[in-house]
2 protein chains.
Amino acid sequence: MPRDHFLSMVGSQLKGQSQESHGQQSQDSRDEILKAATQLFANRGFHETSMSEVAREARVSKALIFWHFKTKEELFLAVLNRLLEPYFIDFAEESRMLDERHQILRLVEFYLLFVRDHANSVRFFLAQMLREQRLSEGLGEQIMRLYSGYRNMLVELISRAQHRGVCASGFTPEDAAGFILSALNGLMIEFLFMPRATMNPESAVSMVDQWLFHASEREATEAVKAEH
Amino acid sequence: MPRDHFLSMVGSQLKGQSQESHGQQSQDSRDEILKAATQLFANRGFHETSMSEVAREARVSKALIFWHFKTKEELFLAVLNRLLEPYFIDFAEESRMLDERHQILRLVEFYLLFVRDHANSVRFFLAQMLREQRLSEGLGEQIMRLYSGYRNMLVELISRAQHRGVCASGFTPEDAAGFILSALNGLMIEFLFMPRATMNPESAVSMVDQWLFHASEREATEAVKAEH
DNA sequence: AGGATGCCTAACCTATCGGTCAAGGTTTAA
DNA sequence: TTAAACCTTGACCGATAGGTTAGGCATCCT
């Protein structure tokens, strides 16, 4: 059943980038600028970051930035793309061999690990989407696509597991997925805002396992480990 | 057991306000300015809003703003206070007569209704805390106090309910409160980001009721209604 | 050789930013 | 009546914002 590449859509990203192949020497400075800009935008946001700062940080003249990117906004969009890259992974690929239960658990674990490991950019995107709709139209769309892609995977997997009778079925797959996502987002919020929150993905995975598959706590822990 | 006013701390707010009683004529213009500034800051954020804009929106000269507030930052803090006011309510007062179960359910309902009715400022505070730590130090503290006040109420109520034997007790009150808060925050996220999310507080309350008190769905619905 | 093109900079431009100032009108109170 | 305190303004200030321009120095093609 080759519904491949649920989450792999690295192409066709935010509008307004489409950077053609330039010469090699320009690529270096362009990268330096992008690196600096990413750093600054992510830590301070769009309006709080000036082009002069970016230029200084990238050790480049301000005019060069405007040679690479027509406007500040275009630079910002390029940065968004850069930050967004790790969000697109090919999940189906790496978990094709697992049964539904382990795929679900892996998916849950993945969400939390991702938030933990990319806390900075997650925080940035959240703030960006809460504020400044204008600049984030494409971004919001993009992230919503990711989000509903993730949700659909969950729904699909739970549905399959239910049909095979290996999963609790006192609810629709949609409701179950919605519930899990709510819980995950709750954990995310806690992690992003409470400095000392530990955010233990293992215990979350174990709770989902108990809830969906009535696994004992011991079983659940082992299930996580078994995924390598 | 008079642990009064869990959430009532309207006094002692953000540093740097302390507005002495001015004459009456000044109060009007001050309010106009605050109203305009609140509007603008909440929709665009601090750096994206200029004093000239505020002046124009309030139909007042820019200099007058600086007569009322020494700096832009001071104006911003005053706005934060204004936005924060509805967050401080005296919950203990209004629910003293209810038993634990209904207090808990009321508390859960309150959280969701509040987020729904103050979506704009919630969104604003969230964005503000995700970005711009500098300006939000006091704010973050303040909100954390509110948040942990809320959590403590939950913990306390669940604990009492457990001791009276009217509440499921396969977990510590702290864990239960943490779980409920995660769920609530998950719903909040969904509501803030998904335009069409319905965010039905009743069904959430009913789920908590079923979970904590093993109430049937029918009972739970009635319990909510019974609170007036 | 020599122009076309690509990469890069110092200097500059205008608009707007947060903030000040000197002065004028209005109350209040002696 | 008059002076002090309060309220309000237009004009102004230096700094910095995003963005432009003219030109220098490579490199490549012919």
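Heads up: these notes are all about the structure in this document. (Residues numbered from 1 in each chain as written. Chains lettered and ligands numbered in written order. Predicted model: local features only at pLDDT ≥ 70, side-chain atom pairs only at ≥ 80, totals over all residues. Heavy atoms only, no water.)

### Here's the deal with the overall build of chain A
No. 1: Of the regular secondary structure elements, chain A holds 11 helices and 0 strands.
No. 2: In chain A, the succession of α and β elements from N to C terminus is α-α-α-α-α-α-α-α-α-α-α.
No. 3: Looking at chain A as a whole, 53% of its 228 residues qualify as buried.
No. 4: Residue pairs in contact within chain A that sit at least 24 positions apart in sequence constitute 72% of those at least 6 positions apart.
No. 5: In the structure as shown, chain A presents an accessible area of about 11800 Å², 51% of it carried by carbon and sulfur atoms. (Helix = DSSP H or I, 4+ residues; strand = E, 2+ residues; numbered from the N terminus. Buried < 20%, exposed > 50% of the residue type's maximum accessible area, 1.4 Å probe, protein only. Contact = heavy atoms within 4.5 Å. Areas by Shrake-Rupley, 256 points an atom, 1.4 Å probe, with all protein chains shown as cover.)

### Quick notes on the protein's contact with DNA strand C
No. 1: Around DNA strand C, the surrounding shell holds 20 residues, and the nearest of these are Ser29(A), Trp67(A), Met51(B), Lys62(B) and Lys72(B).
No. 2: Expressed as a percentage, the sugar and phosphate content of the atoms of DNA strand C within 4 Å of the protein is 59%.
No. 3: Measuring from a phosphate oxygen of DNA strand C, one finds a side-chain N or O atom of Ser50(B) at 3.2 Å.
No. 4: A distance of 2.8 Å is found between a phosphate oxygen of DNA strand C and a backbone nitrogen or oxygen belonging to Met51(B).
No. 5: Ranked by residue count, the leading element in the surface near DNA strand C is helix α3 (residues 62-68) of chain A, at 4 residues.
No. 6: Grouping the amino acids of the surface near DNA strand C by side-chain chemistry returns 7 nonpolar, 11 polar and 2 charged. (Near = heavy atom within 4 Å. Polar contact = N/O pair within 3.5 Å; in protein donor to acceptor, adjacent residues only side chain to side chain. Nonpolar A, V, L, I, M, F, W, Y, C, P; charged D, E, K, R; others polar.)

### So, the packing of aromatic side chains
Residue and element names in this part refer to chain A.
No. 1: One pass over the structure, following the stated rule, counts 22 aromatic pairs over all chains.
No. 2: Their ring planes at 90° and their centres at 5.4 Å tell us that Tyr87 and Phe125 sit as a pair that is edge-to-face. Of this pair, Tyr87 sits in the loop between α4 (72-84) and α5 (91-94) while Phe125 sits in helix α7 (residues 119-130), placing them 38 residues apart in sequence. Like Tyr87, the residue Phe125 is buried in the burial classification.
No. 3: Each residue in the set Phe41, Phe46, Phe76, Tyr87, Phe110, Phe114, Phe124 and Phe125 is aromatic and connected to the rest through ring pairs, giving one cluster.
No. 4: Between the NZ or CZ atom of Lys72 and the centre of the ring of Phe46, over which it lies, the distance is 4.4 Å. (Phe/Tyr/Trp six-rings, centres within 6.5 Å; stacked < 30°, edge-to-face > 60°. Lys NZ or Arg CZ within 6 Å of the ring centre and 35° of its normal.)

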